[in-house]
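Working through the structure, step by step
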Amino acid sequence: MESVIIATKNKGKAKEFEKLFLPKGLVVKTLLDYAEIEDVEETGSTFEENAILKAETIANNLGVRVIADDSGLEIDALEGRPGVYSARYAGSEKNDENNIDKVLDELQGVPESERTARFCCALAMAEPGKETLTVFGTCEGRILNERRGTNGFGYDPIFYVETEGKAMAELASDEKNKISHRANAIRKLDDLLQKRGESHE
Ligand SMILES: O=c1[nH]c(=O)c2ncn([C@@H]3O[C@H](COP(=O)(O)OP(=O)(O)OP(=O)(O)O)[C@@H](O)[C@H]3O)c2[nH]1
Ligand SMILES: [Mg+2]
(Lines give C-alpha, C1' and ligand atoms only; values in the text may rest on other atoms or scores of the structure.)
(Ligands and ions follow the chains in the order given, each with its own letter.)
Protein backbone atom coordinates (compact mmCIF):
# COMPACT_ATOMS: atom_id res chain seq x y z
CA MET A 1 0.00 0.00 0.00
CA GLU A 2 1.16 3.57 -0.68
CA SER A 3 1.96 5.61 2.40
CA VAL A 4 1.59 9.21 3.51
CA ILE A 5 3.80 10.82 6.16
CA ILE A 6 2.11 13.02 8.77
CA ALA A 7 4.58 15.21 10.66
CA THR A 8 3.05 14.75 14.12
CA LYS A 9 4.03 13.20 17.42
CA ASN A 10 0.50 13.42 18.80
CA LYS A 11 -0.94 9.89 19.22
CA GLY A 12 -4.56 11.11 19.09
CA LYS A 13 -4.01 12.84 15.77
CA ALA A 14 -2.04 9.83 14.44
CA LYS A 15 -4.96 7.47 15.15
CA GLU A 16 -7.42 9.78 13.41
CA PHE A 17 -5.22 10.23 10.35
CA GLU A 18 -4.80 6.44 10.07
CA LYS A 19 -8.57 5.99 9.92
CA LEU A 20 -9.13 9.00 7.65
CA PHE A 21 -6.57 7.86 5.05
CA LEU A 22 -7.28 4.12 5.08
CA PRO A 23 -10.35 4.42 2.78
CA LYS A 24 -8.07 6.23 0.29
CA GLY A 25 -5.81 3.16 0.27
CA LEU A 26 -3.05 4.98 2.14
CA VAL A 27 -1.07 3.81 5.15
CA VAL A 28 -0.12 6.60 7.56
CA LYS A 29 3.38 7.00 8.96
CA THR A 30 3.99 9.62 11.63
CA LEU A 31 6.96 11.01 13.53
CA LEU A 32 6.19 8.37 16.17
CA ASP A 33 7.90 6.08 13.59
CA TYR A 34 10.89 8.46 13.41
CA ALA A 35 11.86 8.85 17.08
CA GLU A 36 15.19 10.49 16.14
CA ILE A 37 13.50 13.54 14.63
CA GLU A 38 13.35 16.46 17.05
CA ASP A 39 10.23 18.52 17.71
CA VAL A 40 9.82 21.56 15.46
CA GLU A 41 9.44 24.72 17.53
CA GLU A 42 5.98 26.18 16.89
CA THR A 43 6.85 29.87 16.71
CA GLY A 44 4.05 30.94 14.34
CA SER A 45 1.14 33.11 15.44
CA THR A 46 -1.46 31.25 13.33
CA PHE A 47 -2.36 27.59 12.77
CA GLU A 48 -1.34 27.96 9.09
CA GLU A 49 2.10 29.37 9.94
CA ASN A 50 2.81 26.53 12.36
CA ALA A 51 1.52 23.86 9.97
CA ILE A 52 3.81 25.22 7.21
CA LEU A 53 6.75 25.40 9.63
CA LYS A 54 6.30 21.77 10.69
CA ALA A 55 5.62 20.44 7.18
CA GLU A 56 8.52 22.24 5.46
CA THR A 57 11.05 21.43 8.22
CA ILE A 58 10.22 17.72 8.21
CA ALA A 59 9.90 17.49 4.39
CA ASN A 60 13.38 19.00 4.02
CA ASN A 61 14.74 16.75 6.77
CA LEU A 62 13.35 13.53 5.23
CA GLY A 63 13.58 14.64 1.59
CA VAL A 64 10.02 13.57 0.83
CA ARG A 65 6.46 14.91 0.80
CA VAL A 66 4.87 15.29 4.25
CA ILE A 67 1.65 16.69 5.68
CA ALA A 68 1.60 18.57 9.01
CA ASP A 69 -1.43 19.37 11.15
CA ASP A 70 -1.57 22.38 13.43
CA SER A 71 -4.82 22.48 15.30
CA GLY A 72 -6.52 23.77 18.40
CA LEU A 73 -9.54 25.18 20.14
CA GLU A 74 -10.77 28.78 19.83
CA ILE A 75 -13.15 29.89 22.59
CA ASP A 76 -15.05 33.12 21.89
CA ALA A 77 -15.46 34.13 25.56
CA LEU A 78 -11.65 33.83 25.93
CA GLU A 79 -10.96 35.98 22.85
CA GLY A 80 -9.88 32.93 20.85
CA ARG A 81 -7.68 31.29 23.51
CA PRO A 82 -6.22 28.68 23.82
CA GLY A 83 -5.82 28.90 20.01
CA VAL A 84 -2.32 28.05 18.79
CA TYR A 85 -1.34 27.35 22.41
CA SER A 86 -3.97 24.59 22.83
CA ALA A 87 -1.48 21.74 23.35
CA ARG A 88 0.51 23.60 26.02
CA TYR A 89 -2.24 25.82 27.52
CA ALA A 90 -1.63 24.68 31.12
CA GLY A 91 2.13 24.20 30.68
CA SER A 92 4.87 22.90 28.44
CA GLU A 93 4.26 19.26 29.45
CA LYS A 94 1.15 19.26 27.18
CA ASN A 95 -1.26 17.63 29.66
CA ASP A 96 -4.81 17.25 28.27
CA GLU A 97 -6.43 16.97 31.73
CA ASN A 98 -4.73 20.10 33.05
CA ASN A 99 -5.61 21.98 29.85
CA ILE A 100 -9.29 21.07 30.29
CA ASP A 101 -9.24 22.09 33.97
CA LYS A 102 -7.75 25.47 33.04
CA VAL A 103 -10.44 26.13 30.41
CA LEU A 104 -13.28 25.07 32.76
CA ASP A 105 -11.84 27.34 35.45
CA GLU A 106 -11.63 30.32 33.12
CA LEU A 107 -15.21 29.77 31.91
CA GLN A 108 -16.75 29.48 35.39
CA GLY A 109 -19.96 31.52 35.49
CA VAL A 110 -20.06 32.05 31.71
CA PRO A 111 -23.60 31.13 30.54
CA GLU A 112 -24.24 28.43 27.91
CA SER A 113 -25.12 30.95 25.20
CA GLU A 114 -21.69 32.59 25.54
CA ARG A 115 -19.64 29.37 25.55
CA THR A 116 -19.36 29.10 21.76
CA ALA A 117 -16.12 27.69 20.38
CA ARG A 118 -14.59 25.96 17.40
CA PHE A 119 -11.90 23.42 16.67
CA CYS A 120 -9.54 24.55 13.91
CA CYS A 121 -7.18 22.49 11.80
CA ALA A 122 -4.62 23.80 9.34
CA LEU A 123 -2.96 21.21 7.14
CA ALA A 124 0.17 21.99 5.16
CA MET A 125 1.53 19.64 2.50
CA ALA A 126 5.20 20.25 1.72
CA GLU A 127 7.64 18.58 -0.63
CA PRO A 128 11.23 19.66 -1.35
CA GLY A 129 11.33 21.84 -4.48
CA LYS A 130 7.54 22.24 -4.66
CA GLU A 131 5.11 24.90 -3.52
CA THR A 132 3.56 24.14 -0.11
CA LEU A 133 -0.24 23.74 -0.05
CA THR A 134 -2.37 24.74 2.93
CA VAL A 135 -6.02 24.14 3.78
CA PHE A 136 -8.13 25.00 6.83
CA GLY A 137 -11.03 23.14 8.43
CA THR A 138 -13.24 24.00 11.41
CA CYS A 139 -15.91 22.37 13.58
CA GLU A 140 -18.32 24.55 15.57
CA GLY A 141 -19.48 23.75 19.11
CA ARG A 142 -19.66 24.99 22.66
CA ILE A 143 -17.80 24.31 25.89
CA LEU A 144 -19.60 22.17 28.47
CA ASN A 145 -19.46 22.77 32.24
CA GLU A 146 -17.97 19.32 32.85
CA ARG A 147 -16.44 16.38 30.99
CA ARG A 148 -18.61 13.96 28.98
CA GLY A 149 -17.33 10.82 27.22
CA THR A 150 -13.96 9.12 26.98
CA ASN A 151 -13.23 8.88 23.24
CA GLY A 152 -10.93 11.12 21.24
CA PHE A 153 -8.23 13.27 22.83
CA GLY A 154 -7.41 16.78 23.96
CA TYR A 155 -10.46 18.90 24.71
CA ASP A 156 -12.97 16.42 23.19
CA PRO A 157 -14.71 15.69 26.57
CA ILE A 158 -15.76 19.34 27.03
CA PHE A 159 -16.57 20.18 23.38
CA TYR A 160 -20.31 19.81 22.66
CA VAL A 161 -21.36 19.38 19.04
CA GLU A 162 -24.91 20.71 18.66
CA THR A 163 -25.60 18.87 15.37
CA GLU A 164 -24.77 15.50 17.01
CA GLY A 165 -26.33 16.26 20.41
CA LYS A 166 -23.18 14.89 22.04
CA ALA A 167 -19.77 15.84 23.34
CA MET A 168 -16.98 15.10 20.86
CA ALA A 169 -15.64 12.47 23.29
CA GLU A 170 -19.03 10.69 23.21
CA LEU A 171 -18.79 10.17 19.45
CA ALA A 172 -17.35 6.95 18.02
CA SER A 173 -14.18 7.59 16.03
CA ASP A 174 -15.94 7.10 12.69
CA GLU A 175 -18.58 9.67 13.74
CA LYS A 176 -15.96 12.22 14.80
CA ASN A 177 -14.11 11.56 11.54
CA LYS A 178 -17.17 12.66 9.52
CA ILE A 179 -17.61 16.05 11.16
CA SER A 180 -14.29 17.07 12.70
CA HIS A 181 -12.12 20.05 11.80
CA ARG A 182 -9.48 17.52 10.70
CA ALA A 183 -11.91 15.64 8.43
CA ASN A 184 -13.08 18.95 6.92
CA ALA A 185 -9.51 20.02 6.23
CA ILE A 186 -8.66 16.68 4.59
CA ARG A 187 -11.72 16.99 2.32
CA LYS A 188 -10.43 20.41 1.23
CA LEU A 189 -6.95 19.02 0.61
CA ASP A 190 -8.43 16.20 -1.50
CA ASP A 191 -10.42 18.77 -3.54
CA LEU A 192 -7.33 20.90 -4.07
CA LEU A 193 -5.23 17.93 -5.20
CA GLN A 194 -8.00 16.73 -7.48
CA LYS A 195 -8.31 20.17 -9.13
CA ARG A 196 -4.58 20.05 -9.83
CA GLY A 197 -4.83 16.53 -11.24
CA GLU A 198 -2.65 15.24 -8.40
CA SER A 199 -3.13 12.65 -5.69
CA HIS A 200 -1.67 11.94 -2.25
CA GLU A 201 1.11 9.71 -3.63
O1 LIG B 1 -10.15 17.77 21.80
C2 LIG B 1 -9.45 17.90 20.82
N3 LIG B 1 -9.80 17.27 19.67
C4 LIG B 1 -9.15 17.42 18.52
O5 LIG B 1 -9.51 16.81 17.50
C6 LIG B 1 -8.04 18.28 18.56
N7 LIG B 1 -7.18 18.69 17.64
C8 LIG B 1 -6.32 19.50 18.25
N9 LIG B 1 -6.63 19.63 19.55
C10 LIG B 1 -5.92 20.39 20.59
O11 LIG B 1 -4.95 21.20 19.98
C12 LIG B 1 -3.65 20.71 20.23
C13 LIG B 1 -2.89 20.64 18.94
O14 LIG B 1 -1.65 21.29 19.04
P15 LIG B 1 -0.60 20.99 17.89
O16 LIG B 1 -1.27 21.12 16.57
O17 LIG B 1 0.61 21.77 18.11
O18 LIG B 1 -0.28 19.44 18.09
P19 LIG B 1 0.65 18.69 19.13
O20 LIG B 1 1.67 19.61 19.70
O21 LIG B 1 -0.23 17.99 20.09
O22 LIG B 1 1.35 17.61 18.17
P23 LIG B 1 2.21 17.90 16.84
O24 LIG B 1 1.33 17.54 15.68
O25 LIG B 1 2.59 19.33 16.83
O26 LIG B 1 3.37 16.97 16.94
C27 LIG B 1 -3.84 19.31 20.78
O28 LIG B 1 -2.76 18.89 21.62
C29 LIG B 1 -5.16 19.44 21.50
O30 LIG B 1 -4.96 20.06 22.75
C31 LIG B 1 -7.68 18.89 19.77
N32 LIG B 1 -8.37 18.69 20.88
MG1 LIG C 1 2.64 20.85 18.46
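From a predicted model like this one, the values you see are computed outputs, not experimental measurements.

This part covers helix α5 (residues 181-195). For α5, with 15 residues, the first-to-last C-alpha span of 21 Å sits near the 21 Å given by 1.5 Å per residue. H181, R182, A183, A185, I186, L189 and L193 are the residues of α5 that are buried. Of the surrounding secondary structure, the elements contacted by the buried residues of α5 are α1 (11-21), β3 (66-75), β4 (116-126), β5 (133-143) and α4 (173-179). In the stretch just after α5, G197 is the one whose phi turns positive, near 70°.

Close to ligand 1 lie 21 residues, the nearest being T8, K54, F153, Y155 and D156. At 2.7 Å, a backbone N or O of F153 approaches an oxygen atom of ligand 1. Within the complex, the protein chains bury 96% of what would otherwise be the 620 Å² of accessible surface of ligand 1. For the shell around ligand 1, the secondary structure elements donating two or more residues are β3 and α5. In terms of residue count, the dominant contributor to the shell around ligand 1 is β3 (four residues). Taken together, the residues of the shell around ligand 1 break down into four nonpolar, seven polar and ten charged.

Position of R118 relative to the elements: it lies in strand β4. A distance of 3.0 Å separates polar atoms of two side chains, one belonging to R118 and the other to D76. Engagement of the side chain of R118 in a polar contact is seen with the side chain of E140, the distance being 2.9 Å. Once residues within four sequence positions are removed from consideration, R118 is found in contact with G72, L73, E74, D76, C139, E140 and F159.

This part covers the UniProt feature "binding site: Mg(2+)" (unreviewed entry) in the protein chain. UniProt marks E41 and D70 with the feature "binding site: Mg(2+)" (unreviewed entry), using the numbering shown here. A maximum C-alpha distance of 12.0 Å among these annotated residues, which run over 30 residues, shows that they cluster at one spot. Relative to the helices and strands, E41 resides in the loop between β2 (26-30) and α2 (47-62). Assessed through its relative accessible area of 63%, E41 is described here as exposed. Sequence-distant contacts of D70, that is, excluding residues within four places in its chain, are made with K13, E42, F47, N50, A51, K54, V84, C120, C121 and A122. Engagement of the side chain of D70 in a polar contact is seen with the side chain of K54, the distance being 2.9 Å.

Rules behind the numbers
- Residue numbers restart at each chain and count upward from 1, following the sequence in its written direction.
- Each chain is given a letter, starting from A, and each ligand a number, starting from 1, according to the order in which they appear as written.
- Note on the predicted model: pLDDT of at least 70 is required for a residue's local features to be given, and 80 or more for side-chain atom pairs to be given and counted; whole-chain, interface and lining totals, by contrast, use all residues.
- Just so you know, side-chain values use all the structure's heavy atoms and leave hydrogens and water out.
- Secondary structure elements are taken from DSSP: a helix is a run of H or I of four residues or more, a strand is a run of E of two residues or more, and numbering for both begins at the N terminus.
- Multiplying 1.5 Å by the residue count of a helix minus one yields the expected span of that helix.
- Partly exposed residues are those whose accessible area sits between 20% and 50% of the maximum for their type, while under 20% is buried and over 50% is exposed, using a 1.4 Å probe and protein chains only.
- Residue contacts are defined here by distance: any two heavy atoms, one from each residue, within 4.5 Å place the two residues in contact.
- Distances are taken per atom, and a residue is near a molecule or strand as soon as one of its heavy atoms is within 4 Å of it.
- For this analysis, a polar contact is any N or O atom pair within 3.5 Å, provided that within protein one partner can donate a hydrogen and the other can accept it, and provided that sequence-adjacent residues contribute only side-chain to side-chain pairs.
- With residues, only the protein chains shown are counted as cover, and all accessible areas are computed by Shrake-Rupley using a 1.4 Å probe.
- Side-chain classes are defined by residue name, with Ala, Val, Leu, Ile, Met, Phe, Trp, Tyr, Cys and Pro counting as nonpolar, Asp, Glu, Lys and Arg as charged, and the others, Gly among them, as polar.
- UniProt positions are given in the numbering used here, feature names are shortened, and annotations may be inferred rather than shown by experiment.

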